[in-house]
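# Per-entry structural report
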Amino acid sequence: MSDPLAPIAANSEVAAAYVAAGWWGHETPTDLIRGNAAERPDDTAYVTWSRAKGEGEDVKGCIDRTTWAGYDRLSDRVAAALLAAGLDRGDRAAVILPDGAAVHAALTGADKAGVVVMGIGHRAGTAEIAHLVEKSGARAVITGAEHRGRPADDAVAELRRTLPGLEHHITVDGPGQGAAIALDGDPAPLPESVSGFAEDVEERRLGASELCLLNSTSGTTGLPKCVMQTHNRWFYFHQKAVEYSGLGSDEVFCVPVPAPFGFGLWTAHYTPTILGVPTVVMADFDADALIRLIEAERVTVLCAVTTQFIMMLNSPVFDDHDLSSLRVMFTGGEAIPYQRASEFEDRTGCTVLNFYGSNETGMLSGTRLSDPPSARLRSGGQCEPEMDCRLYDPDDGTRLPDLRGRGQPACRGPATALGYYDDDRANAELLTEDGWMLMGDIVEIDDNGYLRVVGRTSDFIIRGGKNISAPAVEDEVMTHPAVAMVAAVAAPDPVFGERVAAYVELVPGCSLDLDELREHLAGRGVSREWWPEHLFVVDALPRSSGGKVAKGQLKKDAVDRVGAS
């Protein structure tokens, strides 16, 4: 039976215009991987690092190398499992795998089978996973043999008890091309044993402008929303990255950013494949190991959020290793700390480039190698002409006459997503009436066109580059029986930028400490990133004249408390 999701794609007239302009094309990762497998079958596509079991914190870990031929073959095997499971074109399969060649093969294998991926971060809690699987209507889930220290079969069995539409479980046991694949507990059929496999792939595989992936993004209330992705938006992003940084065919990428999210997608799934170059990825983030990997693999391009490169700078082994191979580091998604970014340049000799955008908008602006350090490290760069950026008054929503000064930015162009899946209310908040996609920030654009983030319109806490919804945290904390009232705000942190601080009023006669609260949230399956890292018990939360919690006062108090601790 055909699925109503299958036809979702970019507007045909818009897509044709973008193709004519050279921003979009018709190739997909499947075409590129096949080409790389034919031209350089034994060259490395992915180097996967994972922490060896039973070892301590200061570990060298295990290395798995996957060739282009092995990558193509592994993605074919995933496609064969999905076809054998009977999924129709346009059906969804949730992918919950740690970073490594296997997660990229799962994305491509689903693409070959005409199946849309629901990409879920490997660190997601059970409540978030259940929400995203149900929201997407996934008929299958692809996991490793274990999920967060327990058998994945057990975790999926729990999901299926409440989600009867989740019919199949595919396991990929291994980080790369040697992985064993099982379908519902039995060895999955090989591509050559699936009748008409090659013909089915050619008929079913998804096009460059069709919906190919859903991934999650933090909502200002409740659980995550699902952003609808196409290949072409990331192909456009790739072109801008090449233009701005001079990327070539001799690069070695290193991407410790998770694959299901926007930053991890273009840096690990698209750009290296288009260039035909290797990518180093980490199943478990470890700053010391990352430093060793850069030296050992002679990495030229590092893609990291602020927290990750600050943890590298703070590592005691940083100066013990030769990082001179690094040419450029891409970062973004938040305001980067000037002094630490400048220090990274000084200590490595590489150039830091900052992009500004979101999972929804893609690239709105970016910095170039030719930009002065003050622009590269203090701004998000200049707006892209083809992204047709605008500024709006955040108070009344009216469009400002010039792309200068302070306002809420919006854009519409070849990098934007298709919107949110099955969420009219969220789409109404995301888009202006005439179709421009709004950011949740307040920015200033100077006379030279450089954009700088100065505030946020949304109630988010940005911890290590990840948006955490303060109202969503509050909803979960309120489920503790000792909590009468709660407000979640950002507390400053020199490594993560911000951490979650919870201010609570308690039910009379009750007590609560941070460990008790976090144990309660763990029992509810709340993602670890949402757990408060500071808990401040107060007699009464401050109120504004309108009766709302005065979060501005709490943020100032958090600065005072954390700074004094």
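For the structure, see preceding data.
I will try to describe carefully the structure that is included in this document.

Cut-offs and rules
Residues numbered from 1 in each chain as written. Predicted model: local features only at pLDDT ≥ 70, side-chain atom pairs only at ≥ 80, totals over all residues. Heavy atoms only, no water. Helix = DSSP H or I, 4+ residues; strand = E, 2+ residues; numbered from the N terminus. Rg over C-alpha atoms; globule rule 2.2 N^0.38 Å. Contact = heavy atoms within 4.5 Å. Areas by Shrake-Rupley, 256 points an atom, 1.4 Å probe, with all protein chains shown as cover. Lys, Arg positive; Asp, Glu negative; His and termini not counted. Charge placed at Lys NZ, Arg CZ, Asp CG, Glu CD. 1 Å grid on protein atoms, 1.4 Å probe; cavity = no way out; pocket = protein on both sides within 12 Å on 5 of 7 lines; lining within 4 Å. Points joined across faces, edges and corners; volume = space filled by probe spheres on them. Nonpolar A, V, L, I, M, F, W, Y, C, P; charged D, E, K, R; others polar. Salt bridge = Lys/Arg side-chain N within 4 Å of Asp/Glu carboxyl O. Buried < 20%, exposed > 50% of the residue type's maximum accessible area, 1.4 Å probe, protein only. Pairing = 2+ DSSP bridges. Axes fitted to C-alpha atoms, helices over the stretch in contact; angles between N-to-C directions. Parallel < 35°, antiparallel > 145°, perpendicular 65-115°, else oblique.

For the rest of this paragraph, the subject is the overall build of the protein chain. The helix and strand tally for the protein chain stands at 17 helices and 29 strands. For 565 residues, the compact-globule estimate of 2.2 N^0.38 gives 24 Å, and the protein chain sits close to it at 23 Å. When the backbone C-alpha atoms are referred to their principal axes, the protein chain occupies close to 70 × 55 × 55 Å. Counting contacts in the protein chain only where the partners sit at least 6 residues apart, residues at least 24 apart contribute 70% of the total. Summing over all exposed atoms, the protein chain offers an accessible surface of approximately 22500 Å²; the carbon and sulfur share of this is 49%. Charged side chains in the protein chain number 51 positive and 83 negative. The centres of these two groups are separated by 2 Å.

With that settled, consider the layout of surface pockets. Of the volumes computed, that of the second largest pocket is approximately 360 Å³. Forming the boundary of the second largest pocket are 21 residues, of which A124, G125, T126, H147 and R148 lie nearest the centre. In terms of residue count, helix α6 (residues 152-162) provides more of the lining of the second largest pocket than any other element does, four residues in total. Among the residues making up the lining of the second largest pocket, the classes are represented as 11 nonpolar, six polar and four charged.

Below, the discussion takes up the pattern of salt bridges. Under the criterion given, the structure shown has 34 salt bridges. For R368, the salt bridge goes to E243, with nearest N and O atoms at 3.1 Å. Of this pair, R368 sits in the loop between β18 (362-366) and α13 (373-378) while E243 sits in helix α8 (residues 231-245), and the two are 125 residues apart along the sequence. Judged by its relative accessible area of 26%, R368 falls in the partly exposed class.

This part is about the sheet that holds strand β3 (residues 92-96). Pairing in this open sheet of eight strands is mixed, and the strands run β10-β9-β8-β5-β3-β4-β11-β12 from one edge to the other. Each of the sheet's edge strands pairs with one partner strand only, and the pair in question is β10 (186-187) and β12 (225-229). Here β3 pairs with strand β4 (residues 116-119) via four bridges, running parallel. For A93, the partnering residue across the bridge sits in β4 and is V117.

Before going further, it helps to spend a moment on empty space enclosed by the protein. Summed over all chains, the structure comprises three cavities of 30 Å³ or more. What the largest cavity holds in volume is close to 80 Å³. Considering the residues around the largest cavity, the lining is formed by L107, D111, V117, C212, L213, H231, L265, H269 and Y270. Top element by residues in the lining of the largest cavity is helix α9 (residues 262-275). It accounts for three residues. Looking at the lining of the largest cavity residue by residue, the classes come out as six nonpolar, two polar and one charged. For the second largest cavity, the calculated volume is near 40 Å³. Taken together, A127, E128, L223, E476, G525, V526, S527 and W530 form the lining of the second largest cavity. Here the lining of the second largest cavity is composed, by residue class, of four nonpolar, two polar and two charged.

The axes of two packed helices give the description: the angle between them and the distance between them. Two numbers describe how α8 lies on α9: the axes approach to 9 Å, and their chain directions differ by 75 degrees. Taken together, the axes of α8 and α9 lie roughly perpendicular to each other. The segment α8 lies against α9, with H231, W234, F235, F237, H238 and A241 engaging G262, L265, W266, Y270, T271, I274 and L275. Here the residues of the contact of α8 with α9 are counted per class, giving nine nonpolar, four polar and no charged.

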